[in-house]
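The primary structure of each chain is shown beneath.
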Amino acid sequence: MSSATVDDNNSNSSLPPSPKRIKLTTNGNSNMATESDVASSSIDEGLYSRQLYVLGHEAMHKMNASNILISGMKGLGVEIAKNVVLGGVKSCILHDTEQVQLSDLSSQFFLTENDIGQNRAEVVTPRVAELNSYVPTEAYTGELTSDYLSKFQVVVLTNSSFEQQLELGDYCHANSIKFIVAETFGLFGHIFCDFGPEFTIHDTTGENPISNMVASISRDKQGVVTCLDDTRHGMESGDFVTFSEVQGMTELNDGKPRKIKVLGPFTFSIGDTSNYNNYVRGGIAVQSKQPATIKFKSMKESTKSPDFVITDFAKFGRAEQCNIGFQALHKYKLEHGSLPKPWCKPDAEQFMKIVHAVNEASPAKVDIDSDLMKKLSYVAGGDLCPMQAVIGGITAQEVMKACSGKFMPICQHLHFDALECLPTTDIDETLAKCPNNRYSSQVAVFGQEFQQKLEQLKYFLVGAGAIGCEMLKNWAMMGVGCGKGGQIFVTDMDTIEKSNLNRQFLFRSQDVQKLKSSCAADAVKRMNPNVQITAHQNRVGGETEHVYDDSFFEALDGVTNALDNVTARTYMDRRCVYYKKSLLESGTLGTKANVQVVLPHLTESYSSSQDPPEKSIPQCTLKNFPNAIEHTLQWAREQFEGLFANTAENVDQYIRDPHFVSRTKKLPGSQPMEIFISLRNVLNAKANSFEDCVQWALNLFQENYNDSIRQLLFNFPADATTTSGALFWSGPKRCPHPLVLDVTLDTHLEFIVSAANLRAYMYGIKQCSDRTAIAKIVSGMKPPPFEPKAGVRIDANEAEAAANNDAITDSESIERVLAELPAPSSLKDVIVRKSDFEKDDDTNYHMDFITSCSNLRAENYSIPPADKHKSKLIAGKIIPAIATTTAMVVGLVCIEMYKMVQGHTDIELYKNGFVNLALPFFGFSNPVAPVKNKYYDHEFSLWDRFEVDGSTGASGEMTLQELIDYFQNEHKLEITMLSQGVAMIFAFFMAPATKKERLAMPLSKVVLQVTKKQSLPAHVKSLVMEMCCNDTSGEDVEVPYIKYDLPA
């Protein structure tokens, strides 16, 4: 636990800690972060890198100047605290006046049985503090007085009474303290936000500003801007734009935001341009984000006239009822000393009387659904980790919004429920009681039998990153795999990196470079010693099917993905379909998240629908006509791979693989020549000293940023025109200018330093980081002379680029280059080291090279540069991530798991979800049923197949002929073609001799013969085959695949 010294008039008060001495007064402005606070705080980009891509530096600086109070350290409070501390604030005080009880362990993951009887805040504070050494975290166990609250920018109440919420809410509203209430009752959750009489939001969505290239602008009372027609402008009426690089109508280049009205997908108006000069050409219109101000009501006022964020449009009108219901619960507890007993009907009747009384007295009176309110009474005493994760994740994001003014806050009430998790019939009150144990608060909602089912589950978790860590934490609290016969398997081949610590909360700084799966397993064992978990370090794929084989999958109850790439997701989806196992799929992108439920025979699979592929950048744009920093960064990344990775790999293969040359010659288009030339450049111009590496870097600079640009302008001068008479350098084509090396410019020198050091690494030469020394070396060097030449072909468009890529280099030219290469036998002792791109190592020169390489090319084309942070995002294809979204989405996944364990077969009880916490937006829908096909009267979906026992053949295994006869006789299907993987086993058009031979062979022997394998792997018990068939009328019909079980 960290602490700090703070000066204050009241020396006996407990104060929020700070890394430096600060003066906190009790006037109305004491809670505002000063400019000096914001400016002086530094951000560890290595730790916060993924979150910075979500929030940005300005928002992070504001968070680093904010003191936060979180009251109530049960499951919900600690979930909020975890996410806030991981996010990084100035300080965090954890408040609670109560002692740890055994039932708290149902959702409070930082408590153990040894903590029972101690104050919750005091016990949990050092464990929360471990999450982030930059956030001083202290416990407070006193009363929440107005004097004490005045020291915070944000106050969060959990586990509080309604009277306390109203009283403290009034004080915070009057003193411009951001005030949040979060609470859960079983399967119901509620969040209330009050950020003061006026709250300014600087960025309501968090999306990158839209940028469009201008094709024309009319000179009119309502000037019409037409964008280039290769893409829609994507803006809305009411948006603001600024212009730059407009020629002719230069008045627009003043940087003033102009409000637009959308006229069409490629046009919008910007107001009066009639007094401006005539538009000539060019111009970029960039969306300009404008601040928005919101007026919040205090909790007392909001209770009279509440505003709601809808979380599920299928439950329209439920939030208003839940608002009354929650007030009634607080009143019931005040009158009876406790919440209604779980599934107790007499208590529910008493509760209903209070509900009606509260509703009658409320200015926000609603029609009451008695069944809904009774369900609230039945489950209110429960405490569920997945619900705390959902509400806690959302609440922590609201804390960040309150600190930073980034994203749209909840205005003002949010209610969420997951009643679909309950069984279709009421639970007997006696079954909701259990001996006082760590799961009693979950048993209160679902009953003892359900808890036993959870404990006996066998589940496979694929991935132990951010989602995986949250999943394991939730499962440990729920008791998944904690009983007799239960088991969790988790696999992840990655090791822990510093940037993981910001959201993968099971890991600590001392775990860096250790295996994720093993550390995660150890961490959840400490949370719940009953967890039975096995950690693997395997990649899921064809190469590990001997590990994750038939016996492994058949023993599972289900699979949960915690992956970050589509390839692995698709593979696991196929395995789940094959073994008919349920799959829980989820993912995040910054503040956005999705959940998908895959159930055998009930829903479509993950692979049934996929996002459209990312739009690729045309090659001619990359090579010659970039117009955006994304283009120059991809070009720089390709330069890195070509110079320092692929070439080194090719050299290694050239030396050690005797078939490398012949195999390379068979590659399409100009690839063979490009590879052999790169080999010649590396092997014939080998560096022997660091000075040689600097000379090479200088030559590369000259070639990239001077010679090639001069040649391009020689082919296409600045005033060149097309065959139609239009200027060649117009529209998306930006006219470049050559650069001359100047080592006094940081970017120029950075390129030389990084390129020379990467070249030195390749040849095993000692590297040098002394920029002054390198600048001195390069100042005494000259690049080779260059003059543009006539006859050099440069692709002017994508069609020409495609034609040139497909052009085959003549064999004589290839042989001439090969003749210049030293013989592989003479290179046995040569080592050319490969640089595998690693974006998060600031000492390896990888991102230094890519950033400078990109920014120099951007300078060639007058494109605004990108700093190293942004360059890392784009070139490294980093997925922005934040702990709040991850916690929330994993909570949603576990809610769907509850439904699966209940055995629900009604698809309408399950929810696929898409959430964007920035807006905030919540969209839930029922999963899509699988597409049904039909042959004869038999309906089938992707979950169906023919299962054939291969041991039923006359000679111990079915022959190919017997299989064909089987389908003809049993299913009235004539097999016309049969394949196994990519191998064609049988086809009606085969040569008669081949057909005759195969028909008589056992099917497994046919497969071995066609695939040219000696034997099938030992773990393979079945073969999957696809067939084309005709029905009795001779028509081609679509049928399921075949699962052919091999004889034992």
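All values derive from a computational prediction rather than experimental measurement. Chains are numbered independently. Their residues run from 1 in the order of the written sequence. Predicted model: local features are reported for residues with pLDDT of at least 70 only, side-chain atom pairs are reported and counted for 80 or more only, and whole-chain, interface and lining totals are derived from all residues. Side-chain numbers here rest on the full set of heavy atoms in the structure, without hydrogens or water.

A. Molecular detail of the overall build of the protein. Strands are runs of DSSP state E lasting at least two residues, helices are runs of H or I lasting at least four, and both sets are numbered from the N terminus onward. Counting secondary structure elements, the protein contains 33 helices and 33 strands. By the compact-globule yardstick of 31 Å for 1048 residues, the protein fits well, its C-alpha radius of gyration being 33 Å. Taken over the C-alpha atoms alone, the protein extends approximately 95 × 90 × 65 Å along its principal axes. Burial classes: relative accessible area under 20% of the type maximum marks a residue as buried, over 50% as exposed, and values in between as partly exposed (1.4 Å probe, protein chains only). Out of the 1048 residues in the protein, the part that is buried amounts to 55%. Counted over contacts in the protein with a minimum sequence separation of 6, partners at least 24 positions apart contribute 73%. Restricting the calculation to C-alpha atoms gives the radius of gyration, and the globule rule supplies 2.2 Å times the number of residues raised to the power 0.38. In this description, contact between two residues means that some pair of their heavy atoms is separated by no more than 4.5 Å.

B. Broad picture of the layout of surface pockets. Both site types are read off a 1 Å grid over the protein atoms alone. A 1.4 Å probe that fits but cannot get out defines a cavity, while an open set with protein on both sides within 12 Å along at least five of seven lines defines a pocket; lining residues have an atom within 4 Å of a point. Grid points are joined across faces, edges and corners, and a volume is the space filled by probe spheres set on the points. Empty space within the second largest pocket amounts to approximately 2400 Å³. Looking at the second largest pocket, it is lined by 50 residues, and the ones nearest its centre are Lys623, Gln639, Glu674, Ile677 and Glu703. At the level of secondary structure, the elements contributing two or more residues to the lining of the second largest pocket comprise α19 (619–623), α20 (629–656), α22 (671–683), α23 (690–715) and α26 (798–806). The element contributing the most residues to the lining of the second largest pocket is α23, with 11 residues. The nonpolar class holds Ala, Val, Leu, Ile, Met, Phe, Trp, Tyr, Cys and Pro. Asp, Glu, Lys and Arg form the charged class, and all remaining residues, Gly among them, are polar. For the lining of the second largest pocket, the per-class residue count stands at 19 nonpolar, 20 polar and 11 charged.

C. Local environment of the pattern of salt bridges. For this document, the term salt bridge refers to a Lys or Arg side-chain nitrogen within 4 Å of an Asp or Glu carboxyl oxygen. Applying the stated rule across the entire model yields 49 salt bridges. Here aspartate 44 makes a salt bridge to lysine 498, at a shortest N to O gap of 2.9 Å. Here the residue aspartate 44 occupies a position in the loop between α1 (35–40) and α2 (45–55), and lysine 498 occupies one in the loop between β19 (487–491) and α16 (516–527), the gap between them amounting to 454 residues. Classification of aspartate 44 by relative accessible area gives buried; the value is 15%. Classification of lysine 498 by relative accessible area gives partly exposed; the value is 41%. Here aspartate 417 ties to lysine 315 by a salt bridge, and the two come within 2.9 Å at their closest N and O atoms. Of this pair, aspartate 417 sits in strand β17 (residues 413–417) while lysine 315 sits in the loop between β16 (308–309) and α9 (318–336), and the two are 102 residues apart along the sequence.

D. Geometry of the packing of α9 against helix α10 (residues 345–361). Contact geometry of α9 with α10 gives a least axis separation of 9 Å together with a crossing angle of 120°. In terms of axis orientation, α9 runs oblique to α10. Here the hand of the crossing between α9 and α10 comes out right-handed. For the pair α9 and α10, the contacting residues are Ile324, Gly325, Gln327, Ala328, Leu329, Lys331, Tyr332, Glu335 and His336 in the first and Asp347, Gln350, Phe351, Ile354, Val355, Val358 and Asn359 in the second. Counted by class, the contact of α9 with α10 contains 8 nonpolar, 5 polar and 3 charged residues. In this description, a line fitted to the C-alpha atoms serves as the axis of each element, helices being fitted only across the stretch in contact, and the angle between N-to-C directions of two axes falls anywhere from 0 to 180 degrees. Orientation is classified from the angle alone, with under 35 degrees giving roughly parallel, over 145 giving roughly antiparallel, 65 to 115 giving roughly perpendicular, and any other angle giving oblique. Note on convention: the crossing is left-handed when the near helix lies turned anticlockwise from the far helix by less than a right angle, right-handed when the turn is clockwise.

E. Structural detail: unusual backbone geometry. With an omega of -20°, the peptide bond running from cysteine 411 to glutamine 412 counts as cis. If you trace the backbone, glutamine 412 turns up in the loop between α12 (385–404) and β17. Its identity is not glycine, yet phenylalanine 407 carries a phi of approximately 80°, on the positive side. We note that lysine 877 has phi near 50°; this positive angle belongs to a residue other than glycine. Among the structural elements, lysine 877 can be located in the loop between α29 (868–875) and α30 (883–902).

F. Just the sheet that holds strand β20 (residues 533–536), in detail. Spatially, β20-β19-β18-β21-β22-β23-β24-β25 is the arrangement adopted by the 8 strands of the open sheet, whose pairing is mixed. Single-partner strands in this sheet number two, and they are β20 and β25 (921–925). Taking each pair of neighbouring strands and ignoring which way they run, the sheet shows an average axis angle of 10°. By the bridge criterion, 5 bridges tie strand β18 (residues 458–462) to β19 in an arrangement that is parallel. Residue lysine 458 lies in a different strand from β19, and its bridge partner there is glutamine 487. Here helix α15 (residues 466–478) sits on the sheet and contacts β18, β19, β20, β21 (558–561) and β22 (582–589); the angle it forms with β18, its principal contact strand, is near 160°. Lying over the sheet, helix α18 (residues 566–579) contacts β18, β21, β22 and β23 (592–598), oriented at roughly 165° with respect to β22. In this analysis, strands are considered paired if DSSP registers two or more bridges between them.

G. How the structure looks around the sheet that holds β17. Overall, mixed pairing links the 8 strands, which are arranged β3-β2-β1-β4-β5-β6-β17-β16 in an open sheet. A strand with exactly one partner marks an edge of an open sheet, and here the two such strands are β3 (137–140) and β16. Pairing geometry for strand β6 (residues 188–194) and β17, over 5 bridges, is antiparallel. Across the sheet, the residue bridging to isoleucine 191 is leucine 414, located in β17. Helix α4 (residues 75–87) rests against β1 (67–71), β2 (91–95), β3, β4 (154–157) and β5 (178–185) of the sheet, and its axis sits at about 165° to β1. The strands that α9 touches are β5, β6, β16 and β17; relative to β17, the one it contacts most, it runs at about 90°.

H. Layout of the environment of serine 269. Topologically, serine 269 is positioned in strand β13 (residues 267–269). It is 9.8 Å that separates the C-alpha atoms of serine 269 and aspartate 220, two residues lying 49 residues apart in sequence. Not counting the four nearest positions on each side in its chain, serine 269 is found in contact with Gln222, Gly223, Val224, Lys259, Ile260, Lys261 and Leu263.

I. Layout of the pairing of β22. With respect to burial, β22 is a largely interior element, 6 of its 8 residues being buried. The pairing of β21 with β22 spans 3 bridges and is parallel. Among the inter-strand pairings, threonine 560 is bridged to a residue of β22, identified as leucine 584. When the strands point away from the viewer, a crossover counts as right-handed if the route from the first strand across the helix to the second turns clockwise. Since β21 and β22 lie parallel, the crossover through α18 that links them has a hand, and here it is right-handed.

J. Quick peek at the environment of glutamate 497. Within the secondary structure, glutamate 497 is located in the loop between β19 and α16. In contact with glutamate 497, not counting residues within four places along its chain, are Val512, Glu838 and Asp840.

K. Representation of empty space enclosed by the protein. The full count for this structure, using the stated rule, is 4 cavities of 30 Å³ or more. Estimated volume of the largest cavity: approximately 230 Å³. Looking at the largest cavity, it is lined by 20 residues, and the ones nearest its centre are Thr311, Asp312, Lys315, Phe416 and Asp417. Looking at the lining of the largest cavity, the elements with two or more residues in it are α9, β17 and α30. For the lining of the largest cavity, the leading source of residues is α30, giving 4 residues. For the second largest cavity, the calculated volume is near 60 Å³.

L. Local environment of the pairing of β18. Of all 5 residues in β18, 4 are buried, a share of seventy percent or more. Remark: the β18/α15/β19 crossover connection has right-handed handedness. Here β18 pairs with β21 via 4 bridges, running parallel. The residue bridging phenylalanine 460 from the neighbouring strand is valine 559, located in β21.

M. Structural view of α23. With 26 residues, α23 should reach 38 Å at 1.5 Å per residue; the first-to-last C-alpha distance of 36 Å fits that figure. Bend is the name given here to the angle between axes fitted to two runs of seven residues, the run ending at a residue and the run starting at it. Maximal helix bending in α23 amounts to about 40°, located at glutamate 703. Helices are assigned an expected span. That span is 1.5 Å times one less than the residue count.

N. Seen up close, the packing of aromatic side chains. The aromatic pairing rule takes the rings of Phe, Tyr and Trp, using the six-membered ring of Trp, and pairs them if the centres are within 6.5 Å, calling planes under 30 degrees apart stacked, those over 60 edge-to-face and the rest tilted. Within the structure shown, the criterion is met by 46 aromatic pairs. Their ring planes at 50° and their centres at 5.9 Å tell us that phenylalanine 450 and tyrosine 898 sit as a pair that is tilted. Taken together, the residues span a long stretch of sequence, with phenylalanine 450 in helix α14 (residues 448–455) and tyrosine 898 in helix α30 at a distance of 448 residues. Ring geometry for phenylalanine 988 against phenylalanine 989: centres 5.2 Å apart, planes inclined by 80°, an arrangement best described as edge-to-face.

O. Quick look at the nonpolar core. Definition used in this section: a nonpolar core is a set of buried Ala, Val, Leu, Ile, Met, Phe, Trp, Tyr and Cys residues joined via side-chain atoms within 4.5 Å. If you look at the biggest cluster of nonpolar residues, it comprises 145 residues, and the most contacted ones within it are Ile70, Leu187, Phe416, Leu472, Trp475 and Leu506. No other element matches the 12 residues that α30 contributes to this core. Not counting residues up to four positions away in its chain, the partners in contact with leucine 472 are Leu461, Ile488, Val490, Leu506, Ala520, Val524 and Ile533. Within the second largest apolar cluster, 71 residues are counted, among which are Val651, Cys693, Trp729 and Leu818.

That is the geometry; function is a separate question.
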